[in-house]
Amino acid sequence: MKSESLNVNFFVENRKKLASRLNAKSVAIVNSNDELTRNGDQDFQYRQSSDLFYLTGLIQEKCILTLCPDHPEKNMREVIYTIKPNEQLETWTGHKYTKEEVIEVSGVKTVKWLEDFEMTLRDIVLSSDNIYINLNEYSKYQTDVAYISNRFALKIREMYPAHNLKRLAPLITKQRLIKEPEELRVLGIACDITNMAFRRVLTFTKPGDMEYEVEAEITYKFLKNGAQGHAYQPIVASGDNALVLHYIENSMECKDGDLMLLDIGAEYSNYAADCSRTIPVNGKFTERQKQCYEAVLRVQKEAIKLYVPGNTIDIVNKAVWKMMEKEMIGLGLFTKEEMKNQDSEQPLYAKYLMHGVAHFIGLDVHDVGGKYEKFEKGMVLTCEPGIYIKEERIGIRIENDIVVGDTPVDLMAEIPKEVDEIEELMKR
Ligand code: GLY
Ligand code: MN
Ligand code: MN
């Protein structure tokens, strides 16, 4: 694995906590993610299931974890099944975990080969009443493609129709939402590496560069400093492209006088940073760009104060939309009178800020947890207000990753965002 492995005790504790949340006489089953075909015999880069990683630290395909805390035999309470390494497989695809390595990485003492799974599972299932499966319950998840836990759930229901199938996702979500010190440490490193890349962009960028050249500098800085790569498809959007919220082509020339919106994040030890910054391509904001930029920055600074226990994403969104509405009047985008007569279903601000401004972050850039989840100490979320004014070719977003606390902690406090600082660092 590029970057570092997390301490084995982290995974041991995560399983212990999860086991304590299961109903009596239960088994929880968590699978590795599928390997996904790109075309022909080529796969997309493999990405471990975040839940399986969180519970074991394993980053290999075809691993299965079963947790059965009430099993009469102690050595059957935690079991990992994995591919039996063989010389031919290893010649083509490299090293696979030995049993000893699985134990070392995960702390699970019982490791079996995958070929023994069905028989052992039968024993475990027959000593349980409930079977917990971890389905993808992310609210915006939508696909026609069946995935491993989904297929597995159907198979289990067919094989054991008299057992209760139960949802693991709510239990793991509750747990993954609160970040342990070990997680905050690696999230901090992901943010620090993102800082290095952004500072490189500030000294590198000039009119005439292609967006993909800027992307290449970012990728270089990420890899050079120990990140696994990008935590998500990077956005390097100059001029009009910044108005496309999910622009990822990064194929255009950066033009003199335009702004450039970057949405980039390093991935370190499987944890994601998520940062947006907006800079002037030629190193100096125009008066109007500066006016708009400072409006967003003011709002972000106020919004960060809301990352305290008891609030929710929903509350933050509504407060930020309200603050931005006021700023938009100040920027002359609409008047107070026009606002009074607006259609409440289509408020005027939504023309210029059409997205929510916070999501949980962790093992995934859009991590588990919904918009009504009450903030608790140790949760980590983004704070990302923006403004998108099509008529003026201005797209601005400023995004930092914040740890919830009585005093919120900004993991990206070192990533420049003041106008003066950006302009100073862009001087050459
Ligand atoms: N980078 C994705 C997001 O900001 O939500
Ligand atoms: Mn984000
Ligand atoms: Mn982002």
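A short tour of the structure in this document, coming up. (Residues numbered from 1 in each chain as written. Chains lettered and ligands numbered in written order. Predicted model: local features only at pLDDT ≥ 70, side-chain atom pairs only at ≥ 80, totals over all residues. Heavy atoms only, no water.)

### Considerations on the coordination of the manganese ion (ligand 2)
Between any two of four tetrahedral donors, the ideal angle at the metal is 109.5 degrees; between two of six octahedral donors, it is 90 or 180 degrees.
Move 1: Within the protein, Asp274 (OD), His359 (NE2), Glu384 (OE) and Glu399 (OE) serve as the donor atoms for the manganese ion (ligand 2), at 2.0 to 2.2 Å.
Move 2: In this structure, the manganese ion (ligand 2) is surrounded by six donor atoms whose angles at the metal cover 51 to 152°, and the resulting shape is irregular.
Move 3: In primary-sequence terms, the residues that donate to the manganese ion (ligand 2) follow D-x84-H-x24-E-x14-E.
Move 4: Here the manganese ion (ligand 2) and the manganese ion (ligand 3) are spaced 3.3 Å apart, and both take Asp274 as a donor. Here Asp274, found in the loop between strand 13 (271–272) and strand 14 (275–280), pairs with His359, found in the loop between helix 12 (336–340) and strand 15 (380–383); they are 85 residues apart in sequence, far enough to count as distant. The pair formed by Asp274 and His359 is uniform in burial state, with each residue classed as buried. (Donors = N, O, S within 2.8 Å, 3.2 Å for Na, K, Ca; no water. Tetrahedral: all angles 85-135°; square planar, octahedral: opposite > 155°, others 65-115°. Helix = DSSP H or I, 4+ residues; strand = E, 2+ residues; numbered from the N terminus. Buried < 20%, exposed > 50% of the residue type's maximum accessible area, 1.4 Å probe, protein only.)

### What about the sheet that holds strand 13?
Hydrogen bonding along the main chain pairs the strands of a sheet, whether they run parallel or antiparallel.
Move 1: Taking strand neighbours across the sheet as the criterion, the three strands line up as 9-12-13 in an open arrangement whose pairing is antiparallel. Where the open sheet ends on each side, the last strands, each with one partner, are strand 9 (229–230) and strand 13.
Move 2: Across the sheet, helix 8 (residues 181–204) lies against strand 12 (266–268) and strand 13, angled at about 145° from strand 12, the strand it touches most. (Pairing = 2+ DSSP bridges. Contact = heavy atoms within 4.5 Å. Axes fitted to C-alpha atoms, helices over the stretch in contact; angles between N-to-C directions.)

### What about the coordination of the manganese ion (ligand 3)?
Move 1: Looking at the metal site, the manganese ion (ligand 3) is ligated by Asp263 (OD), Asp263 (OD), Asp274 (OD) and Glu399 (OE), spaced 2.0 to 2.4 Å from it.
Move 2: Given six donor atoms and angles of 57 to 169° at the metal, the environment of the manganese ion (ligand 3) is assigned as irregular.
Move 3: Spacing between the donor residues of the manganese ion (ligand 3) along their common chain follows D-x10-D-x124-E.

### Focus: the sheet that holds strand 18 (residues 400–403)
Move 1: Ordered by their spatial adjacency, three strands build an open sheet running 15-18-19, and the pairing between neighbours is antiparallel. Of all the strands in the sheet, the pair left with one neighbour each is strand 15 and strand 19 (409–410).
Move 2: Where strand 15 meets strand 18, four bridges bridge the pair, whose relative direction is antiparallel. By the bridge assignment for strand 18, Thr382 is matched with Asp401.

### Details of the packing of aromatic side chains
Move 1: Taken as a whole and assessed by the stated rule, the structure comprises 11 aromatic pairs.
Move 2: Look at Tyr141 and Tyr147: their rings are 5.7 Å apart centre to centre, the planes differ by 85°, and that puts the pair in the edge-to-face class.
Move 3: These aromatic residues form a ring-pair network of at least three members: Phe10, Phe11, Phe53 and Tyr54.
Move 4: Between Lys206 and the ring centre of Phe204, over which it is positioned, the NZ or CZ distance is 5.1 Å. (Phe/Tyr/Trp six-rings, centres within 6.5 Å; stacked < 30°, edge-to-face > 60°. Lys NZ or Arg CZ within 6 Å of the ring centre and 35° of its normal.)

### Digging into helix 7 (residues 169–177)
Move 1: The buried fraction of helix 7 is high, at seven of nine residues.
Move 2: Contacts from the buried residues of helix 7 go to helix 1 (8–21), helix 2 (50–56), strand 7 (130–133), strand 8 (164–167) and strand 15.

### Quick look at the site of ligand 1
Move 1: Close to ligand 1 lie Tyr232, Asp263, Asp274, His359, His366, Glu384 and Glu399.
Move 2: Here Asp263 contributes a side-chain N or O atom positioned 3.1 Å from a nitrogen atom of ligand 1.
Move 3: Glu399 has a polar side-chain atom sitting 3.1 Å from an oxygen atom of ligand 1.
Move 4: Here ligand 1 loses 84% of its free accessible area of 190 Å² to cover by the protein chains. (Near = heavy atom within 4 Å. Polar contact = N/O pair within 3.5 Å; in protein donor to acceptor, adjacent residues only side chain to side chain. Areas by Shrake-Rupley, 256 points an atom, 1.4 Å probe, with all protein chains shown as cover.)

All quantities given are derived from atomic positions and should not be read as evidence of function.
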